[in-house]
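Residues per chain, in single letters:
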Amino acid sequence: MRLVLLGPPGAGKGTQAELLSDKLGVPHISTGNLFRANISEQTPLGREAQKYLDAGDLVPSDVTNRMVEARLSEPDVAGGFVLDGYPRTVDQADELEKMLKAADRELNAVLNFEVPEDQLVDRLLERGRTSGRTDDNETTIRNRMHVFREETEPLLEHYDGLVVTVDGVGEIAEVNERAMRALGR
């Protein structure tokens, strides 16, 4: 099973990706984890990404695409994967399709987790209070929501026909049951 998880910040993609990965027996591939691993291992891509991060810039799609491509070529991904945080733009989705086509593979589904924006803001503010994350403040959260709507939401149209919407409101196990049912499991 090859899945992409979509949804705004705070929708629970990371949590659900881990659960789906375990239940489906495929790796959870998170761009955040890829960045951290490449940087800590000082790979050429990690050093390149670090330059952008040190300058306070976003890591360009080209670097992210190459990290994902390298990860998708590893043997444990042959049976599938759960992608979390990638693709974030239509351009990245096009690159992912090229990677999969080169490996004679395709996506099985795109799960879109929907949560009302006010609940997302409340979730992220609570996360900020409990984790100490300084980026979980209302101004930054609202900006991340705007960026999501502008850059990532167009993927729903791009992936038309593969998108399965999952209600992301409720207990973690309840949302996971909905996701598994949406996948026919």
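These figures come from a predicted structure and were not determined experimentally.

Chemist: Describe in detail the environment of Thr130, supporting the description with residues and values.
Modeler: As for its placement among the helices and strands, Thr130 is situated in helix H6 (residues 117–131). For Thr130, a relative accessible area of 61% puts it in the exposed group. Put simply, Thr130 and Val147 are 17 residues apart on the chain and 24 Å apart in space, counted from C-alpha to C-alpha.

Chemist: Go over the side chain of Asn112 with me, naming the residues and quoting the values.
Modeler: For Asn112, the location among the structural elements is in strand S4 (residues 109–114). Its relative accessible area of 4% is what places Asn112 among the buried residues. If sequence neighbours within four positions are ignored, Asn112 has contacts with Leu6, Gly7, Leu156, Val163, Val164, Thr165 and Val166.

Chemist: Could you give an account of the layout of surface pockets, naming the residues involved and the relevant values?
Modeler: Empty space among the atoms becomes visible once a probe the size of a water molecule is rolled across them. Taken as a whole, the second largest pocket spans an internal volume of roughly 160 Å³. In terms of lining, the second largest pocket is formed by 13 residues, of which the most central are Pro8, Val115, Leu120, Phe148 and Glu153. Contributing elements (two or more residues each) for the lining of the second largest pocket: S4, H6 and helix H7 (138–152). When grouped by side-chain class, the residues that make up the lining of the second largest pocket number 7 nonpolar, 2 polar and 4 charged.

Chemist: Break down the sheet that holds strand S3 (residues 81–84) for me, citing the residues and quoting the values.
Modeler: Read from one edge to the other, the open sheet built from 5 strands follows the order S2-S3-S1-S4-S5, with strand pairing classed as parallel. The open sheet has two edge strands, strand S2 (28–30) and strand S5 (163–167), and neither has a second partner. Averaged over all neighbouring strand pairs, the angle between strand axes comes to 25°, with direction disregarded. As judged from the 3 bridges shared by S2 and S3, these two strands associate in the parallel manner. Within the sheet, the bridge partner assigned to His28 lies in S3 and is Val82.

Chemist: Requested: an account of the nonpolar core, with residues and values cited.
Modeler: Counting 24 residues, the largest nonpolar core has Leu72, Phe81, Leu96 and Leu107 as its most contacted members. At the level of elements, strand S1 (2–6), helix H2 (31–40), helix H3 (44–54), helix H4 (61–72), S3 and helix H5 (90–102) are the ones that each hand at least two residues to this core. Ignoring any residue separated from it by four or fewer positions in sequence, one finds Phe81 in contact with Met1, Arg2, Leu3, Val26, Pro27, Ile29, Leu72, Leu100 and Leu107.

Chemist: Can you break down the pairing of S4 residue by residue, with the values?
Modeler: S4 sits mainly inside the fold: 5 of its 6 residues count as buried. Bridging between S1 and S4 involves 4 bridges; their strand directions are parallel. From the neighbouring strand, Val4 faces S4, where its bridge partner is Val110. In the sheet, S4 pairs with S5 via 5 bridges, with the strands oriented parallel. What sits directly across from Glu114, in S5, is Asp167.

Chemist: Residues and numbers for H7, please.
Modeler: Given a rise of 1.5 Å per residue, 15 residues ought to cover 21 Å, and the 20 Å separating the end C-alpha atoms of H7 matches this to within 8%. Along H7, the residues classified as buried are Ile141, Met145, Phe148 and Thr152. Looking straight down H7, one finds its buried side chains confined to an arc of 85°; they lie on one side. Among the exposed residues of H7, those oriented more than 90 degrees off its buried face are Thr139 and Glu150. Those residues of H7 that are buried are in contact with S1, H6 and helix H8 (154–158).

About the cut-offs
Residues numbered from 1 in each chain as written. Predicted model: local features only at pLDDT ≥ 70, side-chain atom pairs only at ≥ 80, totals over all residues. Heavy atoms only, no water. Helix = DSSP H or I, 4+ residues; strand = E, 2+ residues; numbered from the N terminus. Buried < 20%, exposed > 50% of the residue type's maximum accessible area, 1.4 Å probe, protein only. Contact = heavy atoms within 4.5 Å. 1 Å grid on protein atoms, 1.4 Å probe; cavity = no way out; pocket = protein on both sides within 12 Å on 5 of 7 lines; lining within 4 Å. Points joined across faces, edges and corners; volume = space filled by probe spheres on them. Nonpolar A, V, L, I, M, F, W, Y, C, P; charged D, E, K, R; others polar. Pairing = 2+ DSSP bridges. Axes fitted to C-alpha atoms, helices over the stretch in contact; angles between N-to-C directions. Core = buried A, V, L, I, M, F, W, Y, C linked by side-chain atoms within 4.5 Å. Expected span 1.5 Å × (residues − 1). Arc of directions from axis to C-beta.

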